[in-house]
Amino acid sequence: MIIQKQKPFEAILKALEGEQKIFIAGCADCASACKVGGEEELAAMKLQLEAAGKTVTGTAVFDTACQQSAVRTKARENEAAIQAADSILVLACGTGEQTLGDTIGKRVHIGAESLFVGEVARLGKYSEKCSTCGKCVLEDFEGICPVTRCSKGLLNGPCGGYKDGKCEVDPEKDCAWVLIYKRMEERNKLDKMRAYQPAKDQSTRHSPRTYTWPKREPQGNKP
Amino acid sequence: MSKLQQSLQAGQFTFTGEVGPPKGVDLHHVIEGARMMKDKVAAVNVTDLQTAVMRLGSLAVSAKLVQAGIEPVFQMVCRDRNRLALQSDLLNAFVLGVENVLAITGDHIVKGDHREAKPVYDLDSVQLLKAMTILESGADMGKDFKGRPNKLEGAPKFFKGCVVTPCADLVEPQIIKLEKKVAAGAQFCQTQAVYDPAAFEKFMNDLRRRNIRIPILVGIVVLKNLGMAKYMNGNVPGVVVPEPIMKELADTPKDDMKKKAVEISARLVRAMRSMCQGAHLMTLGWDDTVAPIVEQVSA
């Protein structure tokens, strides 16, 4: 999921300067799971904004803030409250914020930081394992992604910066290459590490990325 | 052919030194430092934004050394340039008369003085060596519209170097990567600092068993004081200064420190000279220690 955290309240207040009436939008997906934009957080934000002298015209947790059809449906349900507001504060990821803003056509403010696509170890502890590079290499590395989990994204083995299995960048972080090496050794797959990895095709990371099904129902997406 | 390549091919025990470009444009110290060691070494490495600190570049200083009649080893890190810029700088190096090039991953940006910068690492050090080999063949890493390799107007030629960390706490991944560097075209190797001849001997035996046969220049970082040795033990992965050397440094009065640093470095090189093909002396500004170290090794 998209791991997120709320922006500091002072920063949110600064963004809302000059605007009195605010509609607060959340998202039932990642933002709720990260405790950033669910019912509870929206209610708390409403109280905070009101304490700061703002008028909250309404709040709504969108089913999926990054999905245009879901946004349109929810926006219709809340039309009056949204129209009455000067702007919408979005407690969701950057995609959700833009989908809302572009779909509804109203001024929006972002109330969260989108951190990364991540794994949930437990509520409040998240880590990045995939950087959505668009050309997956996991098969070559026994299921550990060096593109993401090596701080330098090295494909042909470790640098000299590991100690006790940790990375020079941060002693709290595992060296991905020590993990890869140990797993390959254990599974008798070190030949994979010996294979030369050519420079990665980075064209699949050129922003902004789009993906459209080539046909209405391609093979991989059939039920 | 570079002097470094000739010396190694001739089977001579070969020394290299190292200078670090200044943060600024005052070349005085770096040229003077290189001049101080030039008669004792085959070539002088020029570090490339070492520890991710912004400074004058390795290529410019390497070219200045060429002008001054001193042979450089142009260090290239993968941190700051994508494959277009790396390949272009390799061509730049060749036309500026730089022959020796050393491929390095590069310390991460969090180690330096521009911690908010974007790290690149478009290529790793193995792929950078491969890029050099491809350029030498008269092509580059790109492709034309029909998927054929791009052709160069005139191909460069390099003496291609790489690095390894012999005293890493897990050495096998280092050796596997070194094998790949050699396969990608590496012709010589300078190591991370080594202070433990027994560990180095084991490492060299491992290389021999694996049939890795490029010239290895053992790395020595000249120990300027006890604090520096402690810092390296605590903060530089793959570098271990053993207890007896720590004690020696602790027992040395401040005024005798340079003499002691020379003595320790020379003793280490003497202990390891039969195991490898040369030594890479990293003096971190103590450029005047290179000559006495080389003399003591040869004495």
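Here the structure is a predicted model, which means the values were calculated and not measured.

Visitor: Could you give me a rundown of the interface of chain B and chain A, with the residues and numbers involved?
Guide: At the junction of the two partners, chain B supplies 26 residues and chain A supplies 25 residues. Counting residues per element, the ones that place at least two in the side of chain B that touches chain A are α5 (125-136) and α6 (172-184) of chain B. The element contributing the most residues to the side of chain B that touches chain A is α6 of chain B, with seven residues.

Visitor: Summarise the domain arrangement of chain A; cite the residues concerned and give the values.
Guide: Under the domain assignment used here, chain A contains domain 1 (2-115) and domain 2 (129-200). Computed from C-alpha coordinates alone, the two centres of domain 1 of chain A and domain 2 of chain A are separated by 38 Å.

Visitor: Which residues make up the sheet that holds strand β7 (residues 125-128) of chain A, and what are the values?
Guide: Residue and element names in this part refer to chain A. The strand order across the open sheet formed by three strands is β1-β6-β7, and the pairing between neighbours is antiparallel. The sheet is open, and its two edges are formed by β1 (2-6) and β7, each paired on a single side. Along the sheet, successive strands turn relative to each other by an average axial angle of 70°, direction set aside. Both β1 and strand β6 (residues 112-122) contribute to a ladder of five bridges, which runs antiparallel. Bridge pairing in β6 places Q6 opposite A112.

Visitor: I'd like to hear about the pairing of strand β7 (residues 159-164) of chain B, residue by residue, with values.
Guide: All names here are of chain B. With respect to burial, β7 is a largely interior element, six of its six residues being buried. Residues F159, G161 and V163 point to one face of β7 and K160, C162 and V164 to the other, with burial holding for every one of them. As defined by bridge partners, strand β4 (residues 100-104) adjoins β7 across three bridges and the pair is classed as parallel. Paired with N100 across the two strands is F159, which belongs to β7. Summarising the sheet, β7 and strand β8 (residues 188-193) pair through four bridges and their orientation is parallel. Pairing of V163 across the sheet is with Q190, part of β8.

Visitor: Give me the lowdown on the packing of α5 of chain B against α6 of chain B, citing residues and values where you can.
Guide: Residues and elements named next belong to chain B. For the pair α5 and α6, interaxial distance at closest approach is 8 Å and the crossing angle is 10°. Viewed along their axes, α5 and α6 adopt a mutual orientation that is roughly parallel. Between α5 and α6 the crossing geometry is right-handed. Across the interface between the two elements, S125, V126, L129, K130 and T133 from α5 touch K177, K180, K181 and A184 from α6.

Visitor: Tell me about the pairing of strand β3 (residues 72-77) of chain B, and name the residues and values.
Guide: Residue and element names in this part refer to chain B. β3 sits mainly inside the fold: six of its six residues count as buried. Burial of β3 is two-sided: the residues P72, F74 and M76 facing one way and the residues V73, Q75 and V77 facing the other way are all buried. Bridging between strand β2 (residues 43-46) and β3 involves three bridges; their strand directions are parallel. Bridged to N45 within β3 is V73. In terms of handedness, the path from β2 via helix α3 (residues 58-67) over to β3 forms a crossover that is right-handed. Inspection of the sheet shows β3 paired to β4 by five bridges, in the parallel sense. In the sheet register, Q75 faces β4, and the bridge partner there is L102.

Cut-offs used in this document
Residues numbered from 1 in each chain as written. Chains lettered and ligands numbered in written order. Predicted model: local features only at pLDDT ≥ 70, side-chain atom pairs only at ≥ 80, totals over all residues. Contact = placed C-beta atoms within 7 Å. Helix = DSSP H or I, 4+ residues; strand = E, 2+ residues; numbered from the N terminus. Domains from an automatic or database assignment. Pairing = 2+ DSSP bridges. Axes fitted to C-alpha atoms, helices over the stretch in contact; angles between N-to-C directions. Buried ≥ 20, exposed ≤ 12 C-beta atoms within 10 Å, placed from the backbone. Parallel < 35°, antiparallel > 145°, perpendicular 65-115°, else oblique. Left-handed = near helix turned anticlockwise from the far one by under 90°. Right-handed = clockwise from strand over helix to strand, strands pointing away.

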